[in-house]
Structures are given as structure tokens and as C-alpha cells.
Amino acid sequence: TVHRPLSESVSYVQTCFADFNRYAGLAPENVAGKRMVELGPGDNLGIGLLYMAWGAADYTGMDRFYSTHDVERERQIYLALRSTLSNEEKTRFDAAVDLSQGIRFNEARIRYYYGTAAEDCDQPLPPESVDIVLGRGVLQATDIHRSLAAIYRLLKPGGLTCHKVELRDLGMFSHNGYH
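Residues numbered from 1 in each chain as written. Predicted model: local features only at pLDDT ≥ 70, side-chain atom pairs only at ≥ 80, totals over all residues. Heavy atoms only, no water.

**A closer look at the pattern of salt bridges**
Where side chains of opposite charge bring their charged atoms close, a pairing between them can arise.
Here's step 1: Across all of its chains, the model carries 13 salt bridges by this definition.
Here's step 2: Put simply, glutamate 119 and arginine 64 hold a salt bridge, and the shortest N to O gap is 2.7 Å. With glutamate 119 in the loop between β5 (110–114) and β6 (130–136) and arginine 64 in the loop between β2 (58–63) and α4 (71–82), this pair connects stretches of sequence that are 55 residues apart.
Here's step 3: The buried category is assigned to glutamate 119, whose relative accessible area is 8%.
Here's step 4: We classify arginine 64 as partly exposed; its relative accessible area is 33%.
Here's step 5: Residue lysine 156 is joined to aspartate 131 by a salt bridge in which the shortest nitrogen-to-oxygen separation is 3.5 Å. With lysine 156 in strand β7 (residues 155–164) and aspartate 131 in strand β6, the pair connects residues that are 25 residues apart, well separated along the chain. (Salt bridge = Lys/Arg side-chain N within 4 Å of Asp/Glu carboxyl O. Helix = DSSP H or I, 4+ residues; strand = E, 2+ residues; numbered from the N terminus. Buried < 20%, exposed > 50% of the residue type's maximum accessible area, 1.4 Å probe, protein only.)

**Some remarks on the packing of helix α1 (residues 6–24) against α4**
Here's step 1: Across the interface, α1 lies against α4 with an axial gap of 10 Å and an inter-helix angle of 60°. In terms of orientation, α1 and α4 fall into the oblique class. The hand of the α1/α4 crossing is right-handed. Counted together, Leu6, Ser9, Val10, Val13 and Gln14 of α1 and Arg73, Gln76, Ile77, Ala80 and Leu81 of α4 form the full contact between these two elements.
Here's step 2: Across the contact of α1 with α4, the residue classes break down as six nonpolar, three polar and one charged. (Axes fitted to C-alpha atoms, helices over the stretch in contact; angles between N-to-C directions. Parallel < 35°, antiparallel > 145°, perpendicular 65-115°, else oblique. Left-handed = near helix turned anticlockwise from the far one by under 90°. Contact = heavy atoms within 4.5 Å. Nonpolar A, V, L, I, M, F, W, Y, C, P; charged D, E, K, R; others polar.)

**Re the side chain of arginine 111**
Here's step 1: Tracing the backbone through its elements, the reader meets arginine 111 in strand β5.
Here's step 2: Here arginine 111 is in contact with Arg35, Leu45, Asp58, Tyr59, Thr60 and Gly61, once residues within four sequence places are set aside.

**A look at α4**
Here's step 1: The first and last C-alpha atoms of α4 sit 16 Å apart over twelve residues, in line with the 16 Å expected at 1.5 Å per residue.
Here's step 2: Buried within α4 we find Arg73, Glu74, Arg75, Ile77, Tyr78 and Leu81.
Here's step 3: Where α4 is buried, its residues meet α1, α3 (46–53), α5 (87–96) and β4 (104–105). (Expected span 1.5 Å × (residues − 1).)

Below, the structure written as C-alpha cells:
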């Protein structure tokens, strides 16, 4: 979202959040108290902060690659997301991140690991310790069998995983004039 206007970046985070909620049937009452992992959060943890506002116990973002972070822009995204929340949600949001001077995550509540592929998502966290694993545009670029096995090991019994598989070229061809 670094190369988009701020309003588009915020809208993209909100769209991804809405997609996960719609397709996985997530709502505040079934996210509250849950441990969550997002595979491939990219250049910001906005989705995780929205789940923290809903009452998630903690959130971990894991990415195979390090995304360049523009800290002030990322802060602006978070502030814009925060402005859409109720007072109660803002209180939970603020317990996860301090935006008063830059960005300071509460590491007991929200974490970001880069260099961790979906195939190895079970490595940084204990087995059967996560309630919900989400991903958008990740699984199509992995060894799907290894990734699903790692997700299975990470999930608590009865846990939920939801992924949107991206089959577009992501600009690899279309930006060069190909269809």
C-alpha cells in the first residue's frame, strides 16, 4: 500500500478485513479472546489492529519477505483506521499500539515476523497455539502441502483458517503490456 494514495491504502486494508470477515464468518463475538496469525500482511499490520480492536487476544503477522515500511505513512494508515472505530474499539486498539510518537507496538499483543514463509509458519509459535490463521495472496506462491501442514500444526483443535488465493498476475505481465 506504500505506492497508493492514503485513502486507497486505508480502503484496501478495510476491504481485506471485510473479505476475511465475510468468507470466514468472523465477527467481534467470535474473535474476542482469540489468538490470530496473518500470513503475508505486507507493509502494514492494519488488519491485525482491526482484529485487536474487536478484542482478539493477540495477533502475529508473518511474511516470507521484508516489506519496506514507511513509518510515517504506516502511522497515518493506523490513525485513519482508528478514526473509524467506536470508543470501546479505540481503547482495545490503543492497548495494541501507541501512535503518539511514531509506532510502538505492544509486543505482548502484536508481533511481526519477516523471513518466515507460510511453509514454516509453525516455527515461531508453539504447536496448537493459534485459533485463527488468515492469508491473502499467499498460498498460491508456496508449496501448498507444506503450508497447509504447518498451518494445521499451528492451529488449536477446532481452529479456523481462511485464505484468499490471488490468481491475477499482480502486475508481473500486465505492467509490461501483456494480458
